[in-house]
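Residues per chain are reported as follows:
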2 protein chains.
Amino acid sequence: MNTVNKSLKLNTRDRNILVKTPFLANLGSHTLNRMLEIVTVSGFEARDILFREGEAAEYFYCVLSGYVRLYRLNKDGREADIRVCGPGDTVAECLLYKGDTYRYNAQAAEPVTLARFELQKVREMAEREQDVAKAVIECLSTHLMSTMDCVANDRLQTAPQRVAHYLLDQCGSEECASASIRLPFQKSLLAGKLGLAPEALSRAFSSLRRAGVTVRGRVIQISDVSALKQI
Amino acid sequence: MNTVNKSLKLNTRDRNILVKTPFLANLGSHTLNRMLEIVTVSGFEARDILFREGEAAEYFYCVLSGYVRLYRLNKDGREADIRVCGPGDTVAECLLYKGDTYRYNAQAAEPVTLARFELQKVREMAEREQDVAKAVIECLSTHLMSTMDCVANDRLQTAPQRVAHYLLDQCGSEECASASIRLPFQKSLLAGKLGLAPEALSRAFSSLRRAGVTVRGRVIQISDVSALKQI
DNA sequence: CGGTATGTTGAGAACATTCAAGCCCCGTGG
DNA sequence: CCACGGGGCTTGAATGTTCTCAACATACCG
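Predicted model, so just to flag it, every value in this text is computed and none were measured.

Rules behind the numbers
Residues numbered from 1 in each chain as written. Chains lettered and ligands numbered in written order. Predicted model: local features only at pLDDT ≥ 70, side-chain atom pairs only at ≥ 80, totals over all residues. Helix = DSSP H or I, 4+ residues; strand = E, 2+ residues; numbered from the N terminus. Rg over C-alpha atoms; globule rule 2.2 N^0.38 Å. Buried ≥ 20, exposed ≤ 12 C-beta atoms within 10 Å, placed from the backbone. Least-squares fit on C-alpha atoms with pLDDT ≥ 70 in both. Contact = placed C-beta atoms within 7 Å. Pairing = 2+ DSSP bridges. Axes fitted to C-alpha atoms, helices over the stretch in contact; angles between N-to-C directions. Near = placed C-beta within 6 Å. Nonpolar A, V, L, I, M, F, W, Y, C, P; charged D, E, K, R; others polar. Domains from an automatic or database assignment. UniProt positions renumbered as here; feature names shortened; annotations may be inferred.

## Examining the overall build of chain A
Here is step 1 of the chain: Across its full length, chain A carries nine helices and twelve strands.
Here is step 2 of the chain: Here chain A has a C-alpha radius of gyration of 19 Å; the compact-globule value for 231 residues is 17 Å, and the two agree.
Here is step 3 of the chain: Considering chain A as a whole, with its 231 residues, one finds that 39% of them fall into the buried category.

Now the structure itself:
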């Protein structure tokens, strides 16, 4: 099923991305080299399944390029995204402490490149090396905070509010009156990330038109940032 | 506002609870003693606010008895629970890596006793002591998994399904045809935990009557566990 | 230029929320 | 022990939001 393109060795470009990743950026040079020794790179095509819920978990991943969708199914077969991982994000890091099966499905939303680490090896390194343990704590903390934010947003905000919130996040803290954003992925993926059906995202965008939001393809113009904050 | 009842020293009962907590249970005796030296105990009355979103974060907590509600407000003042912490759960552990302000509000849902640690001291210990770092990783992993489950459940399940899921969780993996549960807290707290308005929980319970669920006060009878799994 | 995937729009249904009213349980005090 | 009061819980009705399904439009890619 998966048209996997594995290369045991990192190329220079992937290596440069990987070492700037939050997970590896703060390691000492000794442990960084140890990590680079055990990493392998794997590529997936759009819609390839990386792993499925319940499968034996052997690896944890760090996204180098592209986006990966983590999702679960209910028994009717309906899918719900739990998280969307982009460059720099780690996948399945919660299994570093314990757990021998994946807790959700992972699918490439587009062609992706991933750094792959054997869970067992990273576990052992985290036990021995302070800086690896610290990197794991950092990953887990960051991810936990964003997941708790996700719960809060799901429970507090309507669809247009979630979209406005996402757009303001993307703008960053620039104090501009207007802004322009290019979505890094398809709208259907954004919908899943925000816990919405694609139709609901579409409707949210059109309801934001009155707040000065113009959508054309992946490019989104925001004429009045402060108006968007009032939503 | 808070009728806080602080005792710098742990009493024997609290100490026994604390050392069995997931956070402390696996520490070596040396580090365990260090942790017990820096801990203080604080008590709160029902509805007391432990801290508010945005406040400077000085402590992280471990619940010894009672339940604590973590929640956020939207700008209309509506509250949404992010998490309900019971005995053994840690609060604000995601700030151990970084972050100097609390990310949500915390309120005692009933009279509670908490073990309190200075974030800065635990940070320092996690940097030096392997077993503290490991305990932090364990806490974060467990919490992250349950929060991701929460996102998935919110997005996949209807109110009756969430309640059924909670009840089956409480039953444990006992293979009984029937079971009886006593809720450890008020129904309104359960509603918040499941991301529902209290009325929605009530309606969910009545819709589960046809599946053999009988509610009387805090006591819930389940006549057919397997039927509940079909919901 | 055509075809497929992606996105939009409409209508209807399902689900949850809100507000309001009433009930029940439980603890207090007589 | 009982009466009372109050908070928590339940129920009803109306509202709002999102989902689903279907049809249509648009964009993208060969």
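The structure having been displayed, the exposition proceeds.
## Overview of the relation of the copies chain B and chain A
Here is step 1 of the chain: When chain B is fitted onto chain A, the two copies agree to an RMSD of 0.0 Å after a turn of 180° and an axial shift of 0.0 Å. Taken together, these values place the two copies in the relation of a two-fold axis. Minimal C-alpha distance to the rotation axis in chain B is attained by Leu144(B), lying at 2.6 Å.
Here is step 2 of the chain: Mapped onto chain A, 97% of the interface residues of chain B again fall at the interface, so both copies present the same surface.

## Digging into the sheet that holds strand 11 (residues 213-216) of chain B
Residues and elements named next belong to chain B.
Here is step 1 of the chain: The three strands are arranged 10-12-11 in an open sheet whose pairing can be described as antiparallel. Of all strands in the sheet, those with a lone pairing partner are strand 10 (179-182) and strand 11, marking the two edges. Averaged over neighbouring strand pairs, the angle between their axes works out to 15° when direction is ignored.
Here is step 2 of the chain: Across four bridges, the pairing between strand 10 and strand 12 (residues 219-222) is antiparallel. Residue isoleucine 181 lies in a different strand from strand 12, and its bridge partner there is isoleucine 220.
Here is step 3 of the chain: The strands that helix 6 (residues 159-171) touches are strand 10 and strand 12; relative to strand 10, the one it contacts most, it runs at about 100°.

## What to know about the protein's contact with DNA strand D
Here is step 1 of the chain: Around DNA strand D, the structure places 18 residues, and the nearest of them are Thr158(A), Ala200(A), Lys187(B), Ser188(B) and Ser202(B).
Here is step 2 of the chain: Of all the secondary structure elements, the ones that give two or more residues to the surface near DNA strand D are helix 8 (198-207) of chain A together with helix 7 (187-193) and helix 8 (198-207) of chain B.
Here is step 3 of the chain: It is helix 8 of chain B that contributes the most residues to the surface near DNA strand D, six residues altogether.
Here is step 4 of the chain: Its residues assigned to classes, the surface near DNA strand D comprises seven nonpolar, six polar and five charged.

## Focus: the sheet that holds strand 12 (residues 219-222) of chain A
Residue and element names in this part refer to chain A.
Here is step 1 of the chain: Spatially, the three strands line up as an open sheet ordered 10-12-11, and their pairing is antiparallel. Looking at the sheet topology across the chains shown, the edges are occupied by strand 10 (179-182) and strand 11 (213-216). Here the strands of the sheet are splayed against their neighbours by 15° on average, with no regard to which way each runs.
Here is step 2 of the chain: The pairing of strand 11 with strand 12 spans four bridges and is antiparallel. When the bridges of strand 12 are listed, valine 215 appears paired with isoleucine 220.
Here is step 3 of the chain: Relative to strand 10, helix 6 (residues 159-171) is tilted by about 100°, and along the sheet it contacts strand 10 and strand 12.

## A word on unusual backbone geometry
Here is step 1 of the chain: The phi dihedral of Arg47(A) is positive, around 75°, even though this residue is not glycine.
Here is step 2 of the chain: Tracing the sequence through the fold places Arg47(A) in the loop between strand 2 (40-44) and strand 3 (49-51).
Here is step 3 of the chain: On the basis of neighbour counts, which here come to 13 C-beta atoms within 10 Å, the residue Arg47(A) falls in the partly exposed class.
Here is step 4 of the chain: With a phi close to 70°, Ala92(B) is a non-glycine residue in the positive phi region.

## Thoughts on the environment of Ile17(A)
All names here are of chain A.
Here is step 1 of the chain: Structurally, isoleucine 17 can be placed in helix 1 (residues 12-20).
Here is step 2 of the chain: Accessibility expressed as a C-beta count within 10 Å gives 19 for isoleucine 17, which makes it partly exposed.
Here is step 3 of the chain: Sequence separation between isoleucine 17 and proline 87 is 70 residues; the distance between their C-alpha atoms is 8.5 Å.
Here is step 4 of the chain: In this structure, isoleucine 17 is in contact with Leu64 and Pro87, ignoring residues within four places of it in sequence.

## With respect to the interface of chain B and chain A
Think of interface size as the accessible area that goes away when the parts come together; that is how it is often given.
Here is step 1 of the chain: Every contact between the two is made by 32 residues of chain B and, on the other side, 31 residues of chain A.
Here is step 2 of the chain: With 19 residues, the single largest contributor to the side of chain B that touches chain A is helix 5 (residues 130-156) of chain B.
Here is step 3 of the chain: Residues belonging to the side of chain B that touches chain A are distributed by class as follows: 17 nonpolar, seven polar and eight charged.

## Concerning the domain arrangement of chain A
All names here are of chain A.
Here is step 1 of the chain: What the domain assignment reports for chain A is domain 1 (5-156) and domain 2 (159-229).
Here is step 2 of the chain: Centre-to-centre, using C-alpha coordinates, domain 1 lies 27 Å away from domain 2.
Here is step 3 of the chain: Counting residues at the interface gives nine residues for domain 1 and eight residues for domain 2.
Here is step 4 of the chain: Among the secondary structure elements, those contributing two or more residues to the side of domain 1 that touches domain 2 are strand 6 (79-85) and helix 5 (130-156).
Here is step 5 of the chain: Per-class residue counts for the side of domain 1 that touches domain 2 are three nonpolar, two polar and four charged.

## Structural notes on the UniProt feature "domain: HTH crp-type" (unreviewed entry) in chain A
Here is step 1 of the chain: UniProt records the feature "domain: HTH crp-type" (unreviewed entry) at residues 157-226 of chain A, using the numbering of this structure.
Here is step 2 of the chain: Between the first and last C-alpha atoms of residues 157-226 of chain A the distance is 18 Å; the span itself is 46% helix and 17% strand.

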